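# Fold and contact review
Here are the chains, one letter per residue:
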Amino acid sequence: MPALCDILSDCVEGGASLGFMTPFPPDAALPFWEGVAEAVEEDAVALIAARIGGEIVGTVQVGLKMPPNQPHRADIKKLLVHRSARGLGLARRVMDFAEQTALCHGKTVLVLDTATGEPAEAIYGRLGWIRVGVIPHYALMPDGRSCDTTFFYKHLGA
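Remember, it's a predicted structure, so these values are computed and weren't measured experimentally.

To continue, consider the environment of E55. Considering the arrangement of structural elements, one finds E55 in strand β2 (residues 55-63). For E55, a relative accessible area of 44% corresponds to the partly exposed category. For the pair formed by E55 and A3, sequence separation is 52 residues and the distance between their alpha carbons is 7.3 Å. Other than its neighbours up to four places away in sequence, E55 contacts A3 and A50.

With that settled, consider the sheet that holds β2. Overall, mixed pairing links the six strands, which are arranged β1-β2-β3-β4-β6-β5 in an open sheet. Of all the strands in the sheet, the pair left with one neighbour each is β1 (45-52) and β5 (130-140). Direction aside, neighbouring strands of the sheet carry axes that sit 25 degrees apart on average. Across seven bridges, strand β4 (residues 109-115) lies against strand β6 (residues 146-155) in antiparallel orientation.

Bringing a negative patch on the surface into the picture now. Taken together, the side chains of E34, E38, E41, E42 and D43 make up a negatively charged region of the molecular surface. Relative to the elements of secondary structure, E38 occurs in helix α2 (residues 30-41).

Scanning the entire structure with this criterion turns up five salt bridges. K154 is the salt-bridge partner of E99, the closest N and O atoms lying 2.8 Å from each other. One end of the pair, E99, is in helix α3 (residues 90-104); the other, K154, is in strand β6, with 55 residues separating them in the sequence. When sorted by exposure, E99 lands in the same class as K154, which is buried. Residue R145 pairs with D143 through a salt bridge whose shortest N-O separation is 2.8 Å.

Let's shift gears to the layout of surface pockets. Volume-wise, the largest pocket comes out at about 880 Å³. If you go around the largest pocket, you meet 40 residues; those closest to its centre are L18, L79, T114, A120 and Y124. Of all elements in the fold, only α1 (2-13), β3 (73-81), α3, β4, α4 (119-126), β5 and β6 reach the threshold of two or more residues within the lining of the largest pocket. Per-element accounting of the lining of the largest pocket gives the leading share, seven residues, to β3. Of the residues assigned to the lining of the largest pocket, the class counts are 22 nonpolar, eight polar and ten charged.

Right, let's talk about unusual backbone geometry for a bit. In this structure, the amide linkage connecting T22 to the following residue, P23, adopts the cis form with an omega of 0 degrees. Turning to its location among the elements, P23 is positioned in the loop between α1 and α2. Although it is not a glycine, D43 sits at a positive phi angle of roughly 60 degrees. When you line up the elements, D43 lands in the loop between α2 and β1. Not every positive phi belongs to a glycine, and K78 is a case in point at roughly 50 degrees.

Attention shifts here to α2. Compared with the 16 Å implied by 1.5 Å per residue over twelve residues, the 16 Å span of α2 between its first and last C-alpha is a close match. Taken together, the buried positions of α2 are occupied by W33, V36 and A39. One side of α2 holds all its buried residues, which, seen down the axis, span an arc of 115 degrees. Exposed residues lying more than 90 degrees from the buried face of α2 are P31 and E41. The elements touched by buried residues of α2 are α1, β1, β2 and β3. The positive-phi residue at the C-terminal boundary of α2 is D43, with phi of around 60 degrees.

Conventions adopted
- Here the residue numbers are simple positions, counted from 1 along each chain's written sequence.
- Reporting of local features is limited, given that this is a predicted model, to residues whose pLDDT is at least 70; pairs of side-chain atoms are given and counted only at 80 or more, and all residues count toward the totals for whole chains, interfaces and linings.
- Computation of side-chain values covers all heavy atoms of the structure but excludes hydrogens and water.
- Secondary structure elements are taken from DSSP: a helix is a run of H or I of four residues or more, a strand is a run of E of two residues or more, and numbering for both begins at the N terminus.
- Note on exposure labels: buried denotes an accessible area under 20% of the residue type's maximum, exposed denotes more than 50%, and partly exposed covers the range between, all computed with a 1.4 Å probe on protein chains only.
- Note on definitions: a residue-residue contact is assigned when non-hydrogen atoms from the two residues lie within 4.5 Å.
- Whether two strands pair depends on DSSP finding at least two bridges between them.
- Every axis corresponds to a line fitted to the C-alpha atoms, with the helix fit spanning only the stretch in contact, and the corresponding angles, defined between N-to-C directions, vary from 0 to 180 degrees.
- A residue counts toward a patch only above 30% relative accessible area and without a salt bridge, and it is joined to like-charged neighbours within 9 Å or, for Val, Leu, Ile, Met, Phe, Trp and Tyr, to nonpolar neighbours within 5 Å.
- Only the protein chains shown count as covering a residue, and every accessible area follows the Shrake-Rupley method with a 1.4 Å probe.
- The term salt bridge refers to a pairing of a side-chain nitrogen on Lys or Arg with a carboxyl oxygen on Asp or Glu at a separation within 4 Å.
- His is not counted, nor are the chain ends, whereas Lys and Arg count as positive and Asp and Glu as negative.
- To locate a charge, take NZ of a lysine, CZ of an arginine, CG of an aspartate or CD of a glutamate.
- Cavity means a closed set of points on a 1 Å grid over the protein atoms alone, one where a 1.4 Å probe fits but cannot get out, pocket means an open set with protein on both sides within 12 Å along at least 5 of 7 lines, and lining means a residue has an atom within 4 Å of a point.
- Grid points are joined across faces, edges and corners, and a volume is the space filled by probe spheres set on the points.
- In this classification, Asp, Glu, Lys and Arg are treated as charged, Ala, Val, Leu, Ile, Met, Phe, Trp, Tyr, Cys and Pro as nonpolar, and every other residue, Gly included, as polar.
- To estimate the expected span of a helix, count its residues, drop one, and scale the result by 1.5 Å.
- Comment: arc refers to directions from the helix axis out to C-beta atoms.

No statement about biological role is implied by the geometric values presented.
As structure tokens, then:
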């Protein structure tokens, strides 16, 4: 739990739009991760983590629990890579594993959103995600500035 809190704090403090505002120290992330742990226990979410030297430095979640009319769909949530571990291909690795996890759960359509113009947007494009569109002023950056949000999808196993 401490490593997950540190990663989330590091990403928010680094400017990533993840639903939290700065300042965001690691202890502020604990309630979020406790909620994720509960969702994992309920099989509503799959949590994927990347480690270097035994330390968790990256993570992503696959939201598996969907309404009855969407049993084939999953949401990708909170792709996080600690700033100290960026540039090592971890985002690609955890996203590849997220896709395999989704397929193992019978999910063939994945959806995600990300702040427009931020590095994550380019990552998803390189990973073969299809850009659907942008909603202006959808959220706030951690410093309070308004940001647009880009939505993506990906079909698996087709």
